[in-house]
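Structure assessment
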Amino acid sequence: MIRLHHVPGSRSMRVLWLLEELGLPCELRVWSLTDGGLRSAEFRALSPAGRVPALEIDGRAIFESGAIVQYLTEREGRLAPRPGEAGRPDFLEWVGFAETQANILQSLNIHHIFLRPDSARSVPLMRLDTRRLAVTAQVLQAHLAGQPTLLDGGFSAADCMMGFNIEALFRFLPAAEYPALSAYRDAMTARPAYRRAVARGGADSIYARDFYEVPDA
Ligand SMILES: N[C@@H](CCC(=O)N[C@@H](CS)C(=O)NCC(=O)O)C(=O)O
């Protein structure tokens, strides 16, 4: 039995999508970001920092989405270059890059959506994070202008690592400035496994607006 601990629209979407791509059935346990459940002793026994995803598999729990994605691809022998193969460093780079970008998105989510009252927010930090996010989006734009997936060998689990990012990126950056990245987002979210993951796990529910401008200081 495989059990995924999941919050809709969060990084656990990466794992849910990959499980669908791999055709691995899983049980889903859905948590909330806001009701304190992730800080419970029950959940922290699975993921000590109280973060999703956590995956129960093969008699243990694994936390950290990048570790889970690597574990699953090695276990199944699919959707990632194997250690020693030519594309392996690229795969590992993109897995890490997705998390670098996700951390900026998380900070923007906290500032734009979760921090209350508005005066608790740091507008300079929101500006800085938006610029830092744009740098990561420019990297992806340049890369994806030349090929349709992160690895030149085609779709891989590195693309699944973008499963949280691609839904969040264009809440903070104008999609029109990143046509290749925007086309990538459309192609990835149209994949049948991605659609199944959203249908099963739920779409994100944190955004009330399509686009969030940095407010005036
Ligand atoms: N590096 C971790 C980050 C996990 C993470 O921060 N997850 C967020 C949801 S996207 C979370 O659980 N946040 C709960 C909190 O910060 O209290 C990973 O990739 O799994």
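This structure is a prediction, so every number in the text was calculated from the model and none was measured.

1. Some words on the overall build of the protein chain
- Scanning the protein chain for helices and strands turns up nine helices and four strands.
- When the elements of the protein chain are put in sequence order from the N terminus, they spell out β-α-β-α-β-β-α-α-α-α-α-α-α.
- Computed over its C-alpha atoms, the radius of gyration of the protein chain comes to 17 Å, within 12% of the 17 Å expected for a compact globule of 217 residues.
- Taking the principal axes of its C-alpha atoms as reference, the protein chain extends roughly 50 × 45 × 30 Å.

2. What about the pattern of salt bridges?
- Inspection of every chain in the model, using the stated rule, returns 15 salt bridges.
- Measuring nitrogen to oxygen at the nearest pair gives 3.0 Å for the salt bridge that ties Glu 56 to Arg 3. One end of the pair, Glu 56, is in strand β3 (residues 54-57); the other, Arg 3, is in strand β1 (residues 3-6), and 53 residues separate them in sequence.

3. Re the sheet that holds strand β4 (residues 60-63)
- Spatially, β2-β1-β3-β4 is the arrangement adopted by the four strands of the open sheet, whose pairing is mixed. Across the chains shown, the open sheet's two edge strands, defined by having one partner strand only, are β2 (27-30) and β4. The average angle at which neighbouring strand axes cross in this sheet is 20°, direction not considered.
- Where β1 and β2 come together, four bridges link them in parallel fashion. Among the inter-strand pairings, Arg 3 is bridged to a residue of β2, identified as Glu 27.

4. Some words on the nonpolar core
- Counting 59 residues, the largest nonpolar core has Trp 17, Leu 19, Leu 55, Leu 72 and Leu 181 as its most contacted members.
- Here this core gets ten residues from one element, more than from any other, and that element is helix α4 (residues 88-114).
- Looking at which domains feed residues into this core, each of domain 1 (3-76) and domain 2 (88-191) gives three or more.
- Contacts of Leu 55, omitting those with residues within four sequence positions, involve Ile 2, Arg 3, Leu 4, Val 15, Leu 19, Arg 60, Ala 61, Ile 62, Ile 68 and Leu 72.

5. Considering the site of the ligand
- Near the ligand lie 14 residues; those nearest to it are Arg 51, Val 52, Glu 64, Ser 65 and Glu 99.
- Side-chain polar atom of Arg 11 to an oxygen atom of the ligand: 3.2 Å apart, as the coordinates give it.
- Glu 64 is positioned such that a nitrogen or oxygen atom in its side chain is 2.7 Å from a nitrogen atom of the ligand.
- Look at the ligand: alone it shows 510 Å² of surface, and the protein chains cover 84% of it.

6. What about the domain arrangement of the protein chain?
- Looking at the assigned domains, one finds that the protein chain contains domain 1 (3-76) and domain 2 (88-191).
- Each partner contributes to the roughly 1,500 Å² buried at the junction of domain 1 and domain 2, and carbon and sulfur atoms together form 61% of this total.
- Between domain 1 and domain 2 we count four salt bridges in total.
- Of the charged contacts, one joins Arg 191 and Glu 21 as a salt bridge, the two residues approaching to 2.8 Å between their closest N and O atoms.
- At the boundary of domain 1 with domain 2, the tally comes to nine residue pairs in polar contact (both at pLDDT 80 or more).

About the cut-offs
- Residues numbered from 1 in each chain as written.
- Predicted model: local features only at pLDDT ≥ 70, side-chain atom pairs only at ≥ 80, totals over all residues.
- Heavy atoms only, no water.
- Helix = DSSP H or I, 4+ residues; strand = E, 2+ residues; numbered from the N terminus.
- Rg over C-alpha atoms; globule rule 2.2 N^0.38 Å.
- Salt bridge = Lys/Arg side-chain N within 4 Å of Asp/Glu carboxyl O.
- Pairing = 2+ DSSP bridges.
- Axes fitted to C-alpha atoms, helices over the stretch in contact; angles between N-to-C directions.
- Core = buried A, V, L, I, M, F, W, Y, C linked by side-chain atoms within 4.5 Å.
- Buried < 20%, exposed > 50% of the residue type's maximum accessible area, 1.4 Å probe, protein only.
- Domains from an automatic or database assignment.
- Contact = heavy atoms within 4.5 Å.
- Near = heavy atom within 4 Å.
- Polar contact = N/O pair within 3.5 Å; in protein donor to acceptor, adjacent residues only side chain to side chain.
- Areas by Shrake-Rupley, 256 points an atom, 1.4 Å probe, with all protein chains shown as cover.
- Buried area = accessible area lost by both parts, 1.4 Å probe.

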